[in-house]
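Inside the fold
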Amino acid sequence: MKYDVILAGVGGQGVLSLAAIITLGAMKDGLTVRQSEVHGMAQRGGAVQAHLRLSDQTIVSDLIGKASADMILSMEPIESLRYLAYLKADGVLVTSTDPVKNIPTYPEVEGIYATIRGLPSAQLIEAAALAQQAGSARSTNMVMVGAASAHLPVQEKSLLAAIDELFSRKGEKVVEINRKAFQIGWETAALAV
Amino acid sequence: MPEAVLLGDEALAMGAIDSGISAAYAYPGTPSSEIMEYLQAVAPKYGDFVAEWCSNEKTAYEAAVGVSLVGRRALVSMKHVGLNVAADPFINSALLAIHGGLVLAVADDPGMHSSQNEQDSRFYADFARIICLEPRTQGEVYEMTREAFDLSERFHIPVMVRLTTRIAHSRAVVQTGERRPQNPLNKSTEKAGWLLLPSTARKLWAELLENQGQFLAYAENSPYNTLELNEEFFEFGVITAGLGWNYYMENRDEMAVKPSHLHISVYPIPGEKVRRLAERVKRIVVIEEGFSFIERALLGILVPAVKISGKEDGTLPSTGELTPDNVREAMGLKPKQGIEATGLEIPGRPPQLCAGCPHRDSYDALNQAVAGFDQKVVTADIGCYTLGYLPPYQAIETCLCMGASVGMAKGASQAGFHPVVATIGDGTFLHSGITPLVDAVASGSNMTLLILDNSITAMTGGQQTILTSSRLEKLVHGIGVDPDHIKLIIPLKKHTAENAEIIRREMEYEGVSVIIALRDCIQTPKEKKKKEAGE
Ligand code: SF4
């Protein structure tokens, strides 16, 4: 088994903590993991991407090749389309609908949604609104982990355990909100599948 | 053996700790910063060693050499261009009778994710005539760092561990071994081994050259340099180095044959192994991350008997990073093409200054100030504020290397241009901006220096600067800048008009003037919190 994910977003959106949860969850399931991240200049509000590779065998390359990703998981709609060339023909694109309009030439959002809906397999998740429902806008990325988990070869309980582990320092309330965000994200994606 | 998920940078730090370092020094720079970040984060847990940021890479390197002199082990880490700054002590230290293990970890940035160039540090190791180790997995980063300390003490040389962005910034499970104790304090007894006078240096240089045979023998026999021969296929063979191996192996299962393959992780280049490969094949494809270091060594100037392919003949792109895709094409496999979104132009999203960043208000004020002149030169430096080149500010015109804004402004003004403004961050000023300011004062240059003081090294993740902001003004004063022309401004929107006026007046002043724009990076509290939480 091999499962490759391209994570996308804008610097500052918490793409790395999203990656950290999936990585930890996958390890709890006994999978081998490679996670390639971005640091430095791009993190300042620019386009960021990370490559996450899960397998039950050895992983040799840190990067995912074109037409090889099983999933594009994005915190931002236009960013989800930037790496389409990396998605397999039968891969799934899961993205938040919330645009980050920090560039002057941001396209019409309806057009972006239409393009995404036109793909063979795609899910648009209203992550920010769902995170509010869970109790905090700051849990947006956990909504997206939840949505991704409907497709990932990682057990739900392992991802929840990863959430417990990574957020425990911040107190019970934060853990609760993030667990809830995860559940809501999962339900939303699973129902739509 | 204990296991941990570590970034390549963190694996390097862990390898150094388990090798028994007494001290580690560094200057922040992507993609190397997380080495020191990790050392500092885990120091309380793992014991008693120094882990410090320094003013620049040169001071960091020199401190590490001092540790070696008294018999203890030291790690010094930096990014590739940082080694230019530390090149003087680095190259010369190859001649010294290195005593306690001295390991230089340097992280190259092919593709220039966050750098001014993509220079390849293997050339530096070769230039200094020392051993260089280039791991391809996070696990090897750990092991090779340990090996590097052993080699340093065995051959009495500094040893380089070369990382590149994708290995430095990628996470994997790493098995760690036993931690060995630090060396006792034990000053070197090599009297003539630490002092480079011409008479001693000639002897030490001859010795270093004599030892090359041993270094080469080590590389030839290293189990990291593996040669697999295919006795039935002669069309071509492959040499991989560093991450080239990873991308080659990612594709190899799809290749019709497994060609003969030499992997090089340990330098000097194991020539005998290369020759054994060359005897079997008509063509060698070299897949290496960075410059064409191995490839050019094979090509030489005279026509080689075997055809050499790689970055020089366009089999692989000569700029940027290797990827699974470009290596795939070099192996003659059909390129893969993913889905395309039709009918939608995807706009670029370059990095930009954070909303609320103090540099935004400084650049607004600067732009207003220079608008009053019909010409201007605004030099700049390296940090978040280099983004001021891009719209909407377009406030700065140059960026060369750490500290160059000051020296270039001095030169432009002495060439007769007026007005000239240099902009530099506080971290960069302390790194390399002080000495050119001394030059400017000494020559009475007609220039204005705008120090963008956000009290932190922001771009690389918020490292504490070496001198607190309150001391910056005194420092500038001490250099001899006229106190009437040292101005403090607070870059906030509400002060912009007033700040612009101050900058304009200082630009008109004939002589060196310094304006310190003081306001904290807005990320500082977040970074602090993260560090306190141990994230
Ligand atoms: S990190 Fe700090 S200095 Fe850099 S752009 Fe953001 S606010 Fe400005």
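For the structure, see preceding data.
About the criteria used
Residues numbered from 1 in each chain as written. Chains lettered and ligands numbered in written order. Predicted model: local features only at pLDDT ≥ 70, side-chain atom pairs only at ≥ 80, totals over all residues. Heavy atoms only, no water. Core = buried A, V, L, I, M, F, W, Y, C linked by side-chain atoms within 4.5 Å. Buried < 20%, exposed > 50% of the residue type's maximum accessible area, 1.4 Å probe, protein only. Helix = DSSP H or I, 4+ residues; strand = E, 2+ residues; numbered from the N terminus. Domains from an automatic or database assignment. Contact = heavy atoms within 4.5 Å. Polar contact = N/O pair within 3.5 Å; in protein donor to acceptor, adjacent residues only side chain to side chain. Pairing = 2+ DSSP bridges. Right-handed = clockwise from strand over helix to strand, strands pointing away. Axes fitted to C-alpha atoms, helices over the stretch in contact; angles between N-to-C directions. Near = heavy atom within 4 Å. Nonpolar A, V, L, I, M, F, W, Y, C, P; charged D, E, K, R; others polar. Expected span 1.5 Å × (residues − 1).

Residues and elements named next belong to chain B. Ranked by internal contacts, the top residues of the largest apolar core, which has 108 residues, are Leu39, Leu75, Met160, Ile239 and Ile294. At seven residues, helix H7 (residues 138-155) tops the list of elements feeding residues into this core. When residues of this core are sorted by domain, at least three fall in each of domain 1 (3-210) and domain 2 (226-330). Dropping the residues within four chain positions of it, Leu39 is found in contact with Ala13, Ile17, Ile21, Ala24, Phe49, Ala51 and Leu75. Formed by 53 residues, the second largest nonpolar core is a distinct cluster that contains Ile424, Ile489, Val512 and Ile515.

Looking now at the side chain of Asp108 of chain B. Residues and elements named next belong to chain B. The residue Asp108 is located in strand E5 (residues 102-108) in this model. Taking relative accessible area as the criterion, Asp108 reaches 0% and is therefore assigned buried. Among the polar contacts listed, one links the side chain of Asp108 to the side chain of Ser121, at a separation of 2.6 Å. Apart from the residues lying within four places of it in its own chain, the contact partners of Asp108 are Pro31, His80, Gln119, Asp120, Ser121, Arg162, Leu163, Thr164 and Thr165.

Residues and elements named next belong to chain B. With five of six residues buried, strand E13 (residues 283-288) is to be regarded as a mostly interior element. In terms of strand pairing, strand E10 (residues 237-241) meets E13 through five bridges, oriented parallel. Residue pairing in the sheet places Thr240 in a bridge with Ile287 of E13. Here E13 pairs with strand E14 (residues 307-309) via three bridges, running parallel. Within the sheet, the bridge partner assigned to Ile284 lies in E14 and is Ile308. Taken together, E13, helix H13 (residues 293-299) and E14 constitute a β-α-β crossover, and its handedness is right-handed.

Residue and element names in this part refer to chain B. Pairing within the open sheet is parallel, and its five strands lie in the order E15-E16-E17-E19-E18. Every interior strand has two partners, whereas the edge strands, strand E15 (377-379) and strand E18 (486-489), have only one. Averaged over all adjacent pairs, the angle separating strand axes in this sheet is 20°, with direction ignored. Of the strand pairs in this sheet, strand E17 (residues 447-453) and strand E19 (residues 512-518) are connected by seven bridges, and their pairing is parallel. Across the sheet, Asp453 pairs through a bridge with Leu518, a residue of E19. Against the sheet, helix H16 (residues 404-414) engages E15, strand E16 (420-425) and E17, with an angle of about 175° to E16. On the sheet, helix H17 (residues 426-442) packs against E16, E17 and E19 and is oriented at approximately 145° with respect to E16.

Here we take up the site of the ligand. In the vicinity of the ligand, the contacting residues are Arg44 of chain A together with Leu353, Cys354, Cys357, His359, Cys384, Asn454, Ala458, Cys521, Ile522 and Gln523 of chain B. In this structure the ligand sits where residues from chains A and B come together. Among the residues making up the shell around the ligand, the classes are represented as seven nonpolar, three polar and one charged.

Next up on the list: the side chain of Thr115 of chain A. For Thr115 of chain A, the position within the fold is in helix H3 (residues 109-117). Thr115 of chain A sits in the buried class, given a relative accessible area of 15%. Apart from the residues within four sequence positions on either side, Thr115 of chain A is in contact with Leu81 of chain A together with Ala341, Thr342 and Leu344 of chain B.

This part is about unusual backbone geometry. Residues and elements named next belong to chain B. Cis geometry is found at the peptide bond from Pro391 to Pro392, where omega equals 5°. Examined against the element boundaries, Pro392 turns out to sit in the loop between E15 and H16. Residue Pro419 follows His418 across a cis peptide bond; omega there is -5°. With phi around 50°, Met112 is a residue other than glycine that occupies positive phi space. Looking at the secondary structure, you find Met112 in the loop between E5 and helix H6 (122-128).

Attention shifts here to helix H7 (residues 172-192) of chain A. All names here are of chain A. Between its terminal C-alpha atoms H7 stretches 30 Å, which fits the 30 Å expected from 21 residues at 1.5 Å a residue. Val175, Ile177, Asn178, Ala181, Phe182, Ile184, Gly185 and Ala189 are the residues of H7 that are buried. Contacts from the buried residues of H7 go to strand E6 (122-125), helix H4 (127-134), helix H5 (140-149) and helix H6 (156-167).

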